[in-house]
Amino acid sequence: MSITIDKDKCTACGSCEEACPFGVIKIEDDVAVVGEGCTLCGACEEVCAFDAITIYRPEDEKAAAPDEYKGVWVLAEYRAGQLAGVTYELLGKGRGLADALGVELAVVLLGAKTADHADSLIKSGADTVYLADDDGLLNFNEETYSAITVDLVRTYKPEIVLSGATAIGRSWAPRVAAELKTGLTADCTGLEIDPESRNLLQTRPAFGGNIMATIVCPYRRPQMATVRPRVMKQSEPDAGRNGRIVKVEVTPELLESKIKILEMVQETGDGVNLGDAEVIVSGGRGMQAGKNFSMLRELAELLGGVIGASRGAVDSDWIPYAHQVGQTGKTVAPKLYIACGISGAVQHLVGMQTSDVIVAINKDPEAPIFKVADYAIVGDVFEVAPQLIASIKQRLGR
């Protein structure tokens, strides 16, 4: 791709200079000049009223004959003999995307001794499972997993490929996208289909979470996105659902890698598991000090839940990072989320707004957290929380 400016058409109006998000276009000697750092984003071309700016997209850089690309794919994350929950979440969303496009939903399942899991993927919404079962795939290796995925994409040509925004997905998907020379939108919180263009509308927080940006990839296929865990809802399995399993031949060439895995070590932490918790009681800056989290811990234990926190509380060293909920922490979707002294910055809301029931306690009636709360309690958390604890103890007969 390249950009050219027709000096005869350019009027030096300056609209392109104002529109350039990277500040690389300047008006010099009564004509627009593009400096170093241009990403060919197209913003200047869109605003030029005189058609003086043209971004050339060679045929091999265009949509790669989009009519040849059909289907929605999910990259299944398989570790330690189990499929990650985000795989089923992507199946739930992928089913809706595939139905909107009128195409099949497929899953790419790589690993060793994975065959027993293929049927559960079909029952959860997949029409096809591309199954690569080989001892050489026992442990995740970004080189081999990416090589096999790229080979499959080039063979079957899906129009959309989705992956979890996990440690594995963030390593796997970018390598695939780079090899295929296509775009990738990371950490999406929303996915929809534009019915006119069939483009995937990929929504994610941008500029530190202050805005929600919708990104499209109109000139390349497949369209790729990673999705944060616990953002999408899992679909309900259908025991009567049928599909097909396509066994993928794993050749020695695809298993070649410069990486050799010597040992897999289980991660250890302080024991908190926010992702699977059904009840989370979170505290923010309104808790005023770390010692006050003992009150929230008592409330969480009474409800059979765990402690969460906003970034402000973590940055203040009141509670370890493992408890952080939000854009730079964990994305959660418990049955009950109680926010105590949390104002509700966009970065935090992104991480918990899909919870089934949200209860917010804040003395500021204009706190943004109330916009997503099912139950809003306007009051001092140091008065409200003890009353909740006393009431629950009374109901439990303690």
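Refer to the structure presented above.
Residues numbered from 1 in each chain as written. Predicted model: local features only at pLDDT ≥ 70, side-chain atom pairs only at ≥ 80, totals over all residues. Heavy atoms only, no water.

Participant: What should I look at first to understand the environment of L138 in this one?
Facilitator: Along the chain, the position of L138 falls in the loop between β9 (128–133) and α5 (142–156). Taking the relative accessible area as the measure of exposure, L138 reaches 56% and is therefore exposed. (Helix = DSSP H or I, 4+ residues; strand = E, 2+ residues; numbered from the N terminus. Buried < 20%, exposed > 50% of the residue type's maximum accessible area, 1.4 Å probe, protein only.)

Participant: What is the right way to read the nonpolar core from this model?
Facilitator: In summary, soluble globular proteins display a tendency toward joint burial of nonpolar side chains. By size, the foremost hydrophobic cluster in this structure holds 32 residues, and its most contacted members are V72, L109, L121, V129, L162 and L191. At the level of elements, β5 (72–75), α3 (85–101), β8 (105–111), α4 (115–123), β9, β10 (160–164), β12 (190–193) and β15 (223–227) are the ones that each hand at least two residues to this core. Ranked by residue count, the leading element in this core is α3, at 7 residues. If sequence neighbours within four positions are ignored, L191 has contacts with K93, L97, L162, L200, L201, Q202, A225, V227 and M232. Judged by nonpolar contacts, the second largest core, of 26 residues, contains A106, L137, V176 and L254. (Core = buried A, V, L, I, M, F, W, Y, C linked by side-chain atoms within 4.5 Å. Contact = heavy atoms within 4.5 Å.)

Participant: Looking at this model, I keep getting lost on the pattern of salt bridges. Mind explaining?
Facilitator: Pairs can form between side chains of opposite charge whenever their charged atoms are close. Scanning the model with the defined rule gives 15 salt bridges in all. Via salt bridges that share partners, R95, D99, D127 and R241 belong to a single interconnected network. (Salt bridge = Lys/Arg side-chain N within 4 Å of Asp/Glu carboxyl O.)

Participant: Could you clarify how one ought to interpret the sheet that holds β12 in this entry?
Facilitator: Strands pair in a sheet through their backbones, by hydrogen bonds, and they do so in one of two ways: parallel or antiparallel. Strand order in the open sheet formed by 3 strands is β12-β13-β14, and the pairing between neighbours is antiparallel. What marks the edges here is a single partner per strand, and that holds for β12 and β14 (211–215). Pairs of neighbouring strands in the sheet enclose a mean axial angle of 25°, with direction left out of account. The sheet contact formed by β12 and strand β13 (residues 200–206) spans 4 bridges and is antiparallel. Its bridge partner lying in β13, G190 is registered against T203. This element, α3, spans β12 and β13 of the sheet and lies at about 15° to β12. (Pairing = 2+ DSSP bridges. Axes fitted to C-alpha atoms, helices over the stretch in contact; angles between N-to-C directions.)

It is worth stressing that arrangement in space is one thing and function is another; only the former is reported here.
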